[in-house]
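Residue-level listing of the chains:
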Amino acid sequence: GANRCLKEIHQPVELGTQTVRPMASLGIALFPKDGSDMQQLLKAADSAMYAAKEAGKHRYAFYIPELTTQASQRLALEQQLRVAVDNNDFTLHYQPQISLSSGKVTGVEALIRWHHAELGDIPPSEFINLAERIGLIQEIGEWVLETACRQAASWHHDALDQLQVAVNISAIHFTDLDFVNMVTRVLNTTGIDPKRLEIEVTESVIQLGDNYSITCQQLDALGIKVAVDDFGTGYSSLAVLKQLPIDTLKVDRLFIKDLQHEAKSTVLVGTIIGMAQALGYKVVAEGAETLEQIQILRGLGCHQVQGYYFSPPVPADQIPSLVSKVHF
Ligand code: C2E
Ligand code: MG
Ligand code: MG
């Protein structure tokens, strides 16, 4: 039944000049197992529908009791995230980016931290997606940008006044119509030199429509750099290089992890670095944990490295002493 439904829905439909094939997610609840009245059954079917959505597009799923626990946990986290945004329960840590030619820290990446009084530290991997889904990511993104820029502007002695700061911006925020206005506002209120700011965005921006390209150009006009984060993990990777006017490529940890063990990884990373250099981009390797990886990356001509080998993300007050050291 469900499969036939999905097939029927997927029939081509004419919409003006376009032909589209609608997709659906179906949730199925059974009487009396999953509920004794209409309301309970609809709630169960709704949970099952979300499970179907999460499993991928155009699918169906049956209700199972675990879904209710999951749904209530999700709802609880959602409410806690709203409270955290209102109370400003976030902090930023900064991870140094080290130049492989000078051994010095040339920049830092700002990474958000959420400390919850009862649940402890909740990693961004557990709440950034949620914040995107419930429309809180813009508010969080603005707070991160402003806090990181204010921090960078306060680092204005010795080597610190050249220090770059990279800020992660979610793809859906980046393609927001108001995004560049917000960035301009933050530049003005914090007084940071735009040349010191880099915006990190994943290649999934391309899937969100045409706005990204204009945004990149407007940021470029402001003097701000754009980096593509987690490069190599999305399927549109090579299209990104052609379509986005960017400054920096960040090679995902996935490739760096296997550098010592797999000759193929070395070839792959070497090719990415060569390609990026030919196109005039700076290359940053993410998540280097061993000296061996760093030596291989240096041999391949990688410009900068970020990873636990040099330093994990740390509170802002630890950055000055890391900047004064030669690391390599
Ligand atoms: P990302 O932007 O790719 O950040 C790098 C992640 O790798 C960070 O995790 C960092 O702590 C971790 N990392 C760095 N070096 C190493 C290493 O040597 N080994 C290993 N295993 N991991 C390493 P984190 O802070 O948990 O952040 C995870 C992701 O969450 C980030 O990936 C980014 O996509 C997102 N995120 C973090 N902060 C923000 C934010 O302020 N805004 C948005 N929109 N996303 C953020
Ligand atoms: Mg990043
Ligand atoms: Mg990354």
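It should be emphasised that the depicted structure is a prediction, and the values quoted were computed from it without experimental measurement.

A. Region of interest: the site of ligand 1. As a matter of local geometry, ligand 1 sits amid 21 residues, with Arg113, Asn168, Asp229, Glu289 and Tyr308 nearest to it. A distance of 3.1 Å separates a nitrogen atom of ligand 1 from a polar atom in the side chain of Arg253. Look at ligand 1: alone it shows 800 Å² of surface, and the protein chains cover 82% of it. The biggest single contributor to the shell around ligand 1 is strand E6 (residues 105-116), with four residues. Tallied by class, the residues present in the shell around ligand 1 amount to eight nonpolar, five polar and eight charged.

B. Molecular detail of the coordination of the magnesium ion (ligand 3). Coordination of the magnesium ion (ligand 3) by the protein involves Asp229 (OD), Asp230 (OD), Glu286 (OE) and Glu286 (OE), with metal-donor separations of 2.0 to 2.5 Å. Of note, the donors binding the magnesium ion (ligand 3) are all from one chain and are spaced D-D-x55-E. The metal-metal distance between the magnesium ion (ligand 3) and the magnesium ion (ligand 2) comes to 4.2 Å, with Asp229 coordinating both. In this pair, Asp230 is assigned in strand E10 (residues 225-231) and Glu286 in strand E12 (residues 282-286), connecting sequence segments 56 residues apart.

C. Region of the structure containing the pairing of strand E8 (residues 164-168). Taken across its five residues, E8 has four buried, putting it largely inside the fold. As paired strands, E6 and E8 are joined by four bridges and run parallel to one another. Across the sheet, Val108 pairs through a bridge with Val165, a residue of E8. Bridge count for E8 against strand E9 (residues 197-202) is four bridges, and the pairing is parallel. Looking at E9, one finds that Ala166 is bridged to Glu198.

D. Spatial organisation of the packing of helix H7 (residues 179-190) against helix H8 (residues 211-222). Relative orientation of the contacting elements H7 and H8 amounts to 20 degrees, with a least axis distance of 10 Å. The angle between H7 and H8 falls in the class roughly parallel. With respect to the hand of their crossing, H7 and H8 are arranged in right-handed fashion. Within the contact between the two elements, H7 uses Phe179, Val180, Val183, Thr184 and Leu187 and H8 uses Thr215, Gln218, Leu219 and Leu222. Of the residues assigned to the contact of H7 with H8, the class counts are six nonpolar, three polar and no charged.

E. A look at the coordination of the magnesium ion (ligand 2). Binding of the magnesium ion (ligand 2) to the protein goes through Glu109 (OE), Asn168 (OD1), Glu200 (OE) and Asp229 (OD), at separations of 2.0 to 2.2 Å. Sequence positions of the donors to the magnesium ion (ligand 2) reduce to the motif E-x58-N-x31-E-x28-D. Taking the relative accessible area as the measure of exposure, Asn168 reaches 27% and is therefore partly exposed.

F. Just the pairing of E6, in detail. Buried residues dominate E6, accounting for nine of its twelve residues. Direction of pairing for strand E5 (residues 90-99) relative to E6: antiparallel, over a ladder of nine bridges. Bridging across to E6, Tyr94 finds its partner in Ala110. For E6 and strand E7 (residues 120-122), the ladder comprises three bridges, and the chain directions are antiparallel. Among the inter-strand pairings, His115 is bridged to a residue of E7, identified as Asp121. Counted between consecutive antiparallel strands, the loop separating E6 from E7 contains three residues.

G. Spatial organisation of the domain arrangement of the protein. If you check the domain split of the protein, you get domain 1 (2-64) and domain 2 (88-323). Computed over C-alpha atoms, the centres of domain 1 and domain 2 are 38 Å apart.

H. Representation of the side chain of Glu198 in the model. With respect to the secondary-structure elements, Glu198 resides in strand E9. Although Glu198 is buried, it forms no salt bridge, and the closest oppositely charged side chain is Lys282 at an N-O distance of 4.3 Å. Reaching out from Glu198, the side chain makes a polar contact with the side chain of Thr248 at a distance of 2.7 Å. Among residues more than four places away in sequence, those in contact with Glu198 are Gln164, Val165, Ala166, Val167, Lys225, Val226, Ala227, Thr248 and Lys282.

Cut-offs applied
- Residues numbered from 1 in each chain as written.
- Chains lettered and ligands numbered in written order.
- Predicted model: local features only at pLDDT ≥ 70, side-chain atom pairs only at ≥ 80, totals over all residues.
- Heavy atoms only, no water.
- Near = heavy atom within 4 Å.
- Polar contact = N/O pair within 3.5 Å; in protein donor to acceptor, adjacent residues only side chain to side chain.
- Areas by Shrake-Rupley, 256 points an atom, 1.4 Å probe, with all protein chains shown as cover.
- Helix = DSSP H or I, 4+ residues; strand = E, 2+ residues; numbered from the N terminus.
- Nonpolar A, V, L, I, M, F, W, Y, C, P; charged D, E, K, R; others polar.
- Donors = N, O, S within 2.8 Å, 3.2 Å for Na, K, Ca; no water.
- Buried < 20%, exposed > 50% of the residue type's maximum accessible area, 1.4 Å probe, protein only.
- Pairing = 2+ DSSP bridges.
- Axes fitted to C-alpha atoms, helices over the stretch in contact; angles between N-to-C directions.
- Parallel < 35°, antiparallel > 145°, perpendicular 65-115°, else oblique.
- Left-handed = near helix turned anticlockwise from the far one by under 90°.
- Contact = heavy atoms within 4.5 Å.
- Domains from an automatic or database assignment.
- Lys, Arg positive; Asp, Glu negative; His and termini not counted.
- Salt bridge = Lys/Arg side-chain N within 4 Å of Asp/Glu carboxyl O.

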